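Listed below, chain by chain, are the residues.
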Amino acid sequence: MAIPFQFGHLADGENFINRQEEANRLSRNFQSGVNTLIISPRRWGKSSLVSRVVKQLRTNSNLRVVTIDLFSVRSEQQFLSLFAREVIKATSTKWEEWGENVRKFIGSAVPKIAFGNQPGAEVELELSWADKKINPLEIYDLPEVIAKKKKLKVVICIDEFQNIGHFADPTGIQKQMRSVWQKHQHASYCLYGSKKHFLTHVFTHQSMPFYRFGDLMYLPKIEISHWLKFIPAQFKKMVKKFL
Ligand SMILES: Nc1ncnc2c1ncn2[C@@H]1O[C@H](COP(=O)(O)OP(=O)(O)OP(=O)(O)O)[C@@H](O)[C@H]1O
Ligand SMILES: [Mg+2]
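Residues numbered from 1 in each chain as written. Chains lettered and ligands numbered in written order. Predicted model: local features only at pLDDT ≥ 70, side-chain atom pairs only at ≥ 80, totals over all residues. Heavy atoms only, no water.

Student: What is the right way to read the sheet that holds strand β1 (residues 36-39) from this model?
Tutor: By definition, the strands of a sheet pair up through backbone hydrogen bonds, in either a parallel or an antiparallel sense. Strand order in this open sheet of five strands is β2-β5-β6-β1-β7, and the pairing throughout is parallel. Bordering the open sheet on either side are β2 (63-69) and β7 (215-218), each of which pairs with just one other strand. Sheet twist, expressed as the mean angle between neighbouring strand axes with direction ignored, is 15°. For β1 and strand β6 (residues 187-193), the ladder comprises four bridges, and the chain directions are parallel. Across the sheet, the residue bridging to I38 is Y192, located in β6. Contacts from helix α2 (residues 46-56) reach β1, β2, β5 (153-159), β6 and β7, with the element oriented near 155° to β6. Of the strands in this sheet, β2 and β5 touch helix α3 (residues 76-90), which is tilted by about 155° from β2. (Pairing = 2+ DSSP bridges. Helix = DSSP H or I, 4+ residues; strand = E, 2+ residues; numbered from the N terminus. Axes fitted to C-alpha atoms, helices over the stretch in contact; angles between N-to-C directions. Contact = heavy atoms within 4.5 Å.)

Student: What is the right way to read the site of ligand 1 from this model?
Tutor: The local shell around ligand 1 holds 20 residues, among which I17, R42, K46, S47 and S48 are the closest. In the model, an oxygen atom of ligand 1 is placed 2.8 Å from a nitrogen or oxygen of the R42 side chain. At 2.8 Å from an oxygen atom of ligand 1 is found a side-chain nitrogen or oxygen belonging to S47. Starting from 630 Å² of accessible surface for ligand 1 in isolation, the protein chains cover 91%. Tallied by class, residues from the shell around ligand 1 come to seven nonpolar, eight polar and five charged. (Near = heavy atom within 4 Å. Polar contact = N/O pair within 3.5 Å; in protein donor to acceptor, adjacent residues only side chain to side chain. Areas by Shrake-Rupley, 256 points an atom, 1.4 Å probe, with all protein chains shown as cover. Nonpolar A, V, L, I, M, F, W, Y, C, P; charged D, E, K, R; others polar.)

Student: Honestly, the environment of L49 in this entry has me stumped. Any pointers?
Tutor: Within the secondary structure, L49 sits in helix α2. When its relative accessible area of 0% is taken as the criterion, L49 is described as buried. Along the sequence, L49 and Q20 sit 29 residues apart, while their C-alpha atoms lie 9.4 Å from each other. (Buried < 20%, exposed > 50% of the residue type's maximum accessible area, 1.4 Å probe, protein only.)

Student: Which parts of the structure should I look at to understand the pattern of salt bridges?
Tutor: Once their charged atoms are close, side chains differing in charge can pair, the charge on each being opposite to the other. Taken as a whole and judged by the stated rule, the model has seven salt bridges. The partner of R25 in a salt bridge is D215, and the shortest N-O contact between them spans 2.8 Å. Of this pair, R25 sits in helix α1 (residues 20-32) while D215 sits in strand β7; the two residues are 190 residues apart in sequence, bridging distant segments of the chain. You can call R25 partly exposed: its relative accessible area is 30%. Under the relative-accessibility criterion, D215 is labelled partly exposed at 22%. Here E124 makes a salt bridge to K89, at a shortest N to O gap of 3.0 Å. One end of the pair, E124, is in strand β4 (residues 123-128); the other, K89, is in helix α3, and 35 residues separate them in sequence. Several salt bridges converge on common partners, so that one network encompasses R85, E86, K89 and E124. (Salt bridge = Lys/Arg side-chain N within 4 Å of Asp/Glu carboxyl O.)

Student: What should I look at first to understand the layout of surface pockets in this one?
Tutor: In this approach the atoms are scanned with a rolling probe the size of a water molecule, which exposes any empty space left behind. Computed from the structure, the second largest pocket encloses a volume of approximately 400 Å³. What lines the second largest pocket is a set of 19 residues, and nearest its centre among them are V54, K55, R58, V65 and T67. Those elements that place two or more of their residues in the lining of the second largest pocket are α2, β2 and β5. In terms of residue count, the dominant contributor to the lining of the second largest pocket is β2 (six residues). Counted by class, the lining of the second largest pocket contains 10 nonpolar, four polar and five charged residues. (1 Å grid on protein atoms, 1.4 Å probe; cavity = no way out; pocket = protein on both sides within 12 Å on 5 of 7 lines; lining within 4 Å. Points joined across faces, edges and corners; volume = space filled by probe spheres on them.)

Here it is, written out as C-alpha cells:
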C-alpha cells in the first residue's frame, strides 16, 4: 500500500522540503571550491541535503562530486581504498577507463574490474596494493592531481565523518588529510556527520587539525511551518491516487 511519507530513505524530489537557504549555501561552496563542515543530530537531514545539492550540480560539466560514506568503514586502510576507488570512478567518463586511470594516477595500486553474476548487475572497481604499501599522502592528493590533469573541479563529500574516531590514530590521520588538502586548489571537501560533541571538537578546537578548515554549518531543525504545509499535501496526493 502507498504511504504518504518516506521512511529510512533520503528525501528527494517532491519529498524534499525547505532547506533552500542551506542548499544554496552548499551549492555556492561546491562551485567556488570552499570547504564545508556540517554537523547535526541524527536524522535531521544532512545526507538528504548533500545528496540534493549533488544531484542539482550534475549538469555542471566540469564539476565532479565524489560521495563517500564512512558508515561501515572501520580502518584507515579501508578508508583509503574506498577514497581512491570513488575518486577514480567519479573522475572517469566510463568504466572502461578505470583501470587505465588507476595505473596513471596511483602507481602503487593494482586495479581489478569486477562484473556481477546477475544480468544488469553493476560493474565495480576493486583496488589492491599487492606487496607494495599504500601511501596515504598519495591517496589524499589524488583529487587535486586528477582535477588538475583533467581540468576539472572536484568536490569530495565524506558522510558519517565521526567514524574516523574508530580508526587506530584518528588525530594522526586528520593531520595527514589536512596537511595535503589545505594545499588543494582544484579540489574541495565537505565533511559531515552526527555525534555533535565529537565533531564539534574535531572541527572547532584550536588544537585539532581541521580547526577552521571550512564553512561550518550547524544544520537546524526543519521549521514546523514547513511540515504543516507538507503533511496535508502528501495526504492529498495519496488520496488522489486511490480515487
Ligand atoms: N528536507 C527534507 N524534507 C523532507 N524530509 C526530510 C528532509 N530531510 C530529511 N528528511 C527525512 O528525514 C530522514 C532523515 O534524513 P537524513 O538521512 O538525510 O538525515 P541524516 O542527518 O543524514 O541522518 P543520519 O545522521 O542518521 O545519517 C529521512 O528519512 C528523510 O526522509
Ligand atoms: Mg546521514
